Amino acid sequence: MFPPQDHPRHADVVVVLSGSKDRLPEGLELMRRGVAPVLVISDGAVPGWPAANRLCRGGQKFSVICFHPSPYSTRGEAHFVAALMKRRGWKRVVVVTSRYHVIRARMDFRRCVDGDVKGIGASTSLGQWIAGAIQEWPKFAYALTLGRGC
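Residues numbered from 1 in each chain as written. Predicted model: local features only at pLDDT ≥ 70, side-chain atom pairs only at ≥ 80, totals over all residues. Heavy atoms only, no water.

Draft legend 1. Molecular detail of the nonpolar core. Ranked by size, the top nonpolar core spans 20 residues in total, and within it Val13, Val40, Val93 and Phe109 carry the most contacts. Within the residue set of this core, elements represented by two or more residues are β1 (13–16), β2 (38–42), β3 (63–67), α3 (74–88), β4 (92–98) and α4 (102–112). The element best represented in this core is α3, accounting for five residues. Excluding residues within four positions of it along the chain, valine 40 makes contact with Val13, Val14, Val15, Val16, Ile65, Phe67 and Leu84. Within the second largest apolar cluster, 18 residues are counted, among which are Met31, Ala36, Ala52 and Val64. (Core = buried A, V, L, I, M, F, W, Y, C linked by side-chain atoms within 4.5 Å. Buried < 20%, exposed > 50% of the residue type's maximum accessible area, 1.4 Å probe, protein only. Helix = DSSP H or I, 4+ residues; strand = E, 2+ residues; numbered from the N terminus. Contact = heavy atoms within 4.5 Å.)

Following this line, the structure appears as C-alpha cells:
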C-alpha cells in the first residue's frame, strides 16, 4: 500500500499517467527540478482537466506530448511510451502515478520499456486512496498471473 519511492535525478522523459488529476503536480515538480526535458501526459487533452489542457497546448520551457492510450489502461500507456522511447532513442523514464498504483505501473512499464523505469507516487485524498487501493488489488493480481506480458 505504501511502496518505496524512487528518487530520479535524470531521465529522458517524465510520464504522468491518467486516472487522477493529483498526479500532474508531482510531474510538474519533477520538470521544475530539471529531471527530464520532456513531459508526457496520458489523456491530458480530455475536457475537464484544464491544467493538463494548457500544458498540451504548449508554451512551456520543456516539451509536452499528450496522448490517449489504446487500450485505455496502464498497459496501454506503457505500450505507447515504450514505442515513443524506442523511436526517440530514450532509455530512462520516470512514471508518475498515485501511490497505491506505483508497484503495478512500474511493473507494467518495466515489462514494455527497454530501459530504466522509475516510479513516483503522488499523494491523493484519503477517499481516493481507499477507492484506488480497492480497485488496484484485482488489477495487480491479474498483472501477476494472467496479464504478465507487455
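Okay, back to it.
Draft legend 2. Focus on the packing of aromatic side chains. Going through the model one piece at a time under the given rule, you end up with one aromatic pair. Measuring from centroid to centroid gives 3.9 Å for phenylalanine 67 and phenylalanine 80, while their planes differ by 5 degrees, and the two rings are stacked. Of the two residues, phenylalanine 67 is situated in strand β3 and phenylalanine 80 in helix α3; the sequence distance between them amounts to 13 residues. On the basis of relative accessibility, which here comes to 7%, the residue phenylalanine 67 falls in the buried class. (Phe/Tyr/Trp six-rings, centres within 6.5 Å; stacked < 30°, edge-to-face > 60°.)

Draft legend 3. Focus on the state of the cysteines. Per the stated rule, a full pass over the model turns up two disulfides. Residue cysteine 56 pairs covalently with cysteine 66 via a disulfide, S to S 1.8 Å. Of note, the bridge from cysteine 56 to cysteine 66 carries an S-S torsion of about -90 degrees and is left-handed in sense. With cysteine 56 in helix α2 (residues 50–56) and cysteine 66 in strand β3, the pair connects residues that are 10 residues apart, well separated along the chain. For cysteine 56, a relative accessible area of 25% translates into the label partly exposed. The connectivity of the disulfide-linked cysteines in the chain, indexed sequentially, is 1-2, 3-4. (Disulfide = S-S within 2.5 Å.)

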